[in-house]
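Observations on the model geometry
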Amino acid sequence: MPFAVTAAVVGDENATMTPGNQTGQMDNQTANMTIAAYIEQDENLTRLAEAISVAGLYDTLNTGGPYTVFAPSDDAFDALGNDTVNQLMNETDNLTMVLQYHVVAGEYTSVDLINMTENQTGNQTGNETEGGILDIFSGLLGMGNETGNMTALETLAGEDLNVTVSDGEVMIENATVIMADINTTNGVIHIIDQVLVSPGLNLTAAENQTAMETETPTVTISNATMA
């Protein structure tokens, strides 16, 4: 199945069209760059770069890995609203949780993600013993729990991300991969069109309060009770 990309949001002067209508960076642009270094220099990932710096995760993404990073674009952060983003930047524990929810240990290209989702039906057939062995190996490889055309990847936040493929588009939860396969020295980056929020975190912004209540819109960021 071809991997369709709905939009190219990064570095027009460096972008190159690849087979299957993918839009990616030329290999010689990123071959010597780490994940952190690439995000830091990309003009359409400035808010993500700022968040990584504030949360103190630069060194992790610069020296650790390999990782797969689902990177929200600036437009994705803008959709949250400035008040929510600004408050989140001031809550480093919650910010770290949000960012870690976008990072998976291991390197998963778009082809890997598509194959993992498309092959699940076939892999689930057979007797229970065979299935149990496959599940064990899947867990050891960090592939998570797969069902049907969906696969789950465990993030650094300890929560799973559901990955699905529909009409050639790779979906990470409700976000769409809009630019795939930015290869770096310590992993791969896929740019997505929404900020992912883990189930254990609730972001709400009260941006329509009256001046009587407060002169500055408030944001409530709270951790849900963990089991």
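Our subject in this report is the structure included herewith. (Residues numbered from 1 in each chain as written. Predicted model: local features only at pLDDT ≥ 70, side-chain atom pairs only at ≥ 80, totals over all residues. Heavy atoms only, no water.)

1. Things to note about helix α8 (residues 110–118)
Using the following cut-off: Accessibility here uses a 1.4 Å probe with only protein chains present; expressed as a share of the type maximum, an area under 20% marks a residue as buried, one over 50% as exposed, and anything in between as partly exposed. Each helix is a run of DSSP H or I of at least 4 residues and each strand a run of E of at least 2, with the numbering of both proceeding from the N terminus. When we speak of the arc, we mean the arc of directions from the helix axis to the C-beta atoms.
Looking at α8, one finds that the buried residues are Ser110, Leu113, Ile114, Met116 and Thr117. One side of α8 holds all its buried residues, which, seen down the axis, span an arc of 165°.

2. Side note on the pattern of salt bridges
Pairing between side chains becomes possible if they bear opposite charge and their charged atoms approach one another. Just so we agree on the cut-off: Here, a salt bridge means any side-chain nitrogen of Lys or Arg that lies within 4 Å of a carboxyl oxygen of Asp or Glu.
Applying the stated criterion across every chain yields a total of one salt bridge. We note a salt bridge from aspartate 78 to arginine 47, for which the minimum N-O separation is 3.2 Å. One end of the pair, aspartate 78, is in helix α5 (residues 74–78); the other, arginine 47, is in helix α3 (residues 46–55), and 31 residues separate them in sequence. Given a relative accessible area of 42%, aspartate 78 falls into the partly exposed group.

3. Looking at the packing of helix α6 (residues 82–90) against helix α7 (residues 92–100)
So the rule is basically this: Axis definition: a line fit to C-alpha positions, over the contact stretch in the case of helices; interaxial angles, taken between N-to-C directions, run 0 to 180 degrees. Roughly parallel refers to an angle under 35 degrees, roughly antiparallel to one over 145, roughly perpendicular to one between 65 and 115, and oblique to any angle outside these ranges. In what follows, residue pairs with any heavy atoms lying within 4.5 Å of each other are defined as contacts. When residue character is reported, Ala, Val, Leu, Ile, Met, Phe, Trp, Tyr, Cys and Pro are called nonpolar, Asp, Glu, Lys and Arg charged, and the others, Gly included, polar.
Where α6 meets α7, the closest approach of the two axes is 5 Å, and the angle between their N-to-C directions is 105°. One finds that α6 runs roughly perpendicular with respect to α7. From α6, Leu88, Met89 and Asn90 reach across to α7, where they touch Thr92, Asn94, Leu95 and Val98. Along the lines of polarity and charge, the residues of the contact of α6 with α7 split into four nonpolar, three polar and no charged.

4. Notes on the side chain of threonine 117
Our working definition: Any N or O atom pair separated by 3.5 Å or less is treated as a polar contact, with the protein-specific requirement of one donor-capable and one acceptor-capable atom, and with residues adjacent in sequence counted only for side-chain atom pairs.
Position of threonine 117 among the secondary structure elements: in helix α8. For threonine 117, the side chain forms a polar contact with the main-chain oxygen of isoleucine 114, separated by 2.8 Å.

5. A short note on the packing of α3 against α6
Close contact between α3 and α6 brings their axes to 10 Å; oriented N to C, the two are set at 25°. The pairing of α3 with α6 is recorded here as roughly parallel in orientation. On α6, the residues touching Arg47, Glu50, Ala51 and Val54 of α3 are Asn82, Val85 and Met89. A per-class count over the contact of α3 with α6 returns four nonpolar, one polar and two charged.

6. Some details on the pairing of strand β9 (residues 175–184)
How we decide: By the convention used here, strands pair only if DSSP detects at least 2 bridges between them.
Of all 10 residues making up β9, nine are buried, and the element is well covered by its neighbours. Sheet topology note: the strand β8 (residues 169–172)/β9 ladder contains two bridges and is antiparallel. Bridging across to β9, methionine 171 finds its partner in threonine 176. Between β8 and β9, which pair antiparallel in sequence order, lie two residues; one of them, glutamate 173, sits at a positive phi of approximately 55°. Joining the antiparallel neighbours β9 and strand β10 (residues 187–192) is a turn of two residues.

7. Examining unusual backbone geometry
Glycine aside, residues mostly have negative phi angles, and peptide bonds mostly take the trans form. Between glycine 65 and proline 66 the backbone carries a cis peptide bond, its omega angle lying at 5°. Secondary-structure assignment places proline 66 in the loop between α4 (58–63) and β3 (67–72). Positive phi outside glycine occurs at aspartate 167, with the angle close to 55°. In this fold, aspartate 167 is placed in the loop between β7 (160–166) and β8. Judged by its relative accessible area of 75%, aspartate 167 falls in the exposed class. At aspartate 181, a residue that is not glycine, the phi angle is positive and equals roughly 60°. Within the secondary structure, aspartate 181 sits in strand β9. The exposure class assigned to aspartate 181 is buried, which follows from its relative accessible area of 16%.

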